[in-house]
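Geometric and topological summary
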Amino acid sequence: MFTLRLSAVLLSMGLVASVSAQSVRNEPVQPIAPYEVTDPAKVELGKKLFFDPRLSKSGFISCNSCHNMSMGGSDNIKTSIGDRWQQGPINSPTVLNSSLNLTQFWDGRADTLKDQAGGPIANPMEMGFTHELAIEVLQSIPQYVEEFKTVYGTEELTIDEVTDAIAVFEESLVTPNARFDLWLKGDDNVLTDQELEGYMLFRNNGCVACHNGVNLGGSSFQKMGVVEPYQTDNPAEGRSAVTGVDADRFNFKVPTLRNVELTYPYFHDGAVDTLTEAVDIMGRLQLGRHFTDEENANIVAFLKTLTGDQPQIILPILPPSHDDTPRPIPFD
Ligand code: HEC
Ligand code: HEC
């Protein structure tokens, strides 16, 4: 089990900063390194699986349905819609840069992307399928069998290989070269005065206590509503659902602020539509700070500099089903 104390995070960040300090500014936020492809065939297979709706019971829902590559890796709705039009319980976090998070899910119940990837396929609220049926479908498609053989050296497909390939594809979904990263790397002209002012407010008021590191989040669980309680009808308990510890109630994994301009609506309940409102709530509830309209606008301007190069996805053409491939299961 894993609980991170903030001081430990800050300490480890300090160490990271001093190692790579030559060219990068000494700030509590670090730039994203570009992804280096080491196994292109595996990334390509993972991409196909990520986009393949035949991993769902209805034959209609893929990972991309709720983590849409055209929309910052999220779905831009309050809570996701899954099998049989069911409204899910919680907002869909982005998959972009998720490899930089120390755990997955709002409550951190999966340690790795590979552990995470099996969940949605079999979740009745999401893709509504079973691992056995998903494997049966893939195993029946000759072109997939061929590709799995190239990547894993076996014709016997397993869910372990499926989740491994998806996880490796997800590792490729980093978004380097945000304007803020160019500034971190020493370019003095890339931010406007307003954006820089926004960053100073963000840093000096203590947003960085929680939103820090490469992902500006994803490195600790923190209470939502430190100074004032957060009002919501959403029943999610946060980290205590995993640890059973009452003190962890309403602690959530701090979300990344990378590409946050694209990943509205905000918070685990998706209740907030705009960055202006999210910044206002964070200021008051987490820090006891009431930002003026101007300060708020400056912080929002800074947050928009965190949008990086989006993954250049060439839409995969999926191998066609075979005559023997089990067909989607209709609504009963
Ligand atoms: C029906 C919508 C839906 C589908 C389909 C779906 N997801 Fe998700 N995904 C979500 C939601 C909602 C969460 C947050 C759940 C939670 O934290 O309890 C999530 C969380 C995640 C996370 C964790 C991100 C983080 O920062 O914590 C990853 C990674 C992810 N999904 C990948 C996938 C993959 C891979 C697939 C396909 C195998 C997939 N998802 C299919 C809605 C969906
Ligand atoms: C004590 C830790 C903490 C501090 C300080 C903090 N945040 Fe957060 N932030 C969180 C947590 C936890 C969440 C997720 C809460 C939830 O979804 O219920 C969050 C969510 C957000 C979100 C929404 C992201 C999304 O994708 O849903 C934004 C934007 C944000 N914070 C900006 C800020 C800004 C700006 C500041 C400073 C004014 C700040 N935060 C200070 C912990 C913190």
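Computed from a predicted structure; not experimentally measured.

This part covers helix 11 (residues 275–287). Here helix 11 is 13 residues long and its end C-alpha atoms lie 17 Å apart, about the 18 Å a rise of 1.5 Å per residue gives. Those residues of helix 11 lying buried are Leu275, Ala278, Val279, Asp280, Met282, Gly283 and Gln286. Looking at the buried residues of helix 11, the elements they touch are helix 12 (293–303). Directly beyond the C-terminal end of helix 11, a positive phi value near 65 degrees is found at Gly288.

Okay, the packing of helix 2 (residues 40–51) against helix 7 (residues 159–171) next. Between helix 2 and helix 7, the shortest axis-to-axis distance is 7 Å and the interhelical angle comes to 100 degrees. Judged by the inter-axis angle, helix 2 sits roughly perpendicular to helix 7. Across the interface between the two elements, Lys42, Val43, Leu45, Gly46, Lys47, Leu49 and Phe50 from helix 2 touch Val162, Ala165, Ile166, Val168 and Phe169 from helix 7. In terms of residue class, the contact of helix 2 with helix 7 is built from 9 nonpolar, 1 polar and 2 charged.

Looking now at the domain arrangement of the protein. As assigned here, the protein comprises domain 1 (6–30 + 177–306) and domain 2 (40–171). In this structure, domain 1 and domain 2 have C-alpha centres spaced 27 Å apart. For the side of domain 1 that touches domain 2, the secondary structure elements donating two or more residues are helix 10 (240–243) and strand 4 (251–253).

With that settled, the discussion passes to unusual backbone geometry. Look at the link from Tyr264 to Pro265: it is a cis peptide, with omega at -10 degrees. Tracing the sequence through the fold places Pro265 in the loop between strand 4 and helix 11. Not every positive phi belongs to a glycine, and Leu216 is a case in point at roughly 45 degrees. Examined against the element boundaries, Leu216 turns out to sit in the loop between helix 9 (193–204) and strand 3 (221–223). Take Leu216: there are 26 C-beta atoms within 10 Å of it, and that puts it in the buried class. One non-glycine residue, Phe250, adopts positive backbone phi at about 65 degrees. Turning to its location among the elements, Phe250 is positioned in the loop between helix 10 and strand 4. Judged by C-beta crowding, with 18 C-beta atoms within 10 Å, Phe250 ranks as partly exposed.

About the cut-offs
Residues numbered from 1 in each chain as written. Chains lettered and ligands numbered in written order. Predicted model: local features only at pLDDT ≥ 70, side-chain atom pairs only at ≥ 80, totals over all residues. Helix = DSSP H or I, 4+ residues; strand = E, 2+ residues; numbered from the N terminus. Expected span 1.5 Å × (residues − 1). Buried ≥ 20, exposed ≤ 12 C-beta atoms within 10 Å, placed from the backbone. Contact = placed C-beta atoms within 7 Å. Axes fitted to C-alpha atoms, helices over the stretch in contact; angles between N-to-C directions. Parallel < 35°, antiparallel > 145°, perpendicular 65-115°, else oblique. Nonpolar A, V, L, I, M, F, W, Y, C, P; charged D, E, K, R; others polar. Domains from an automatic or database assignment.

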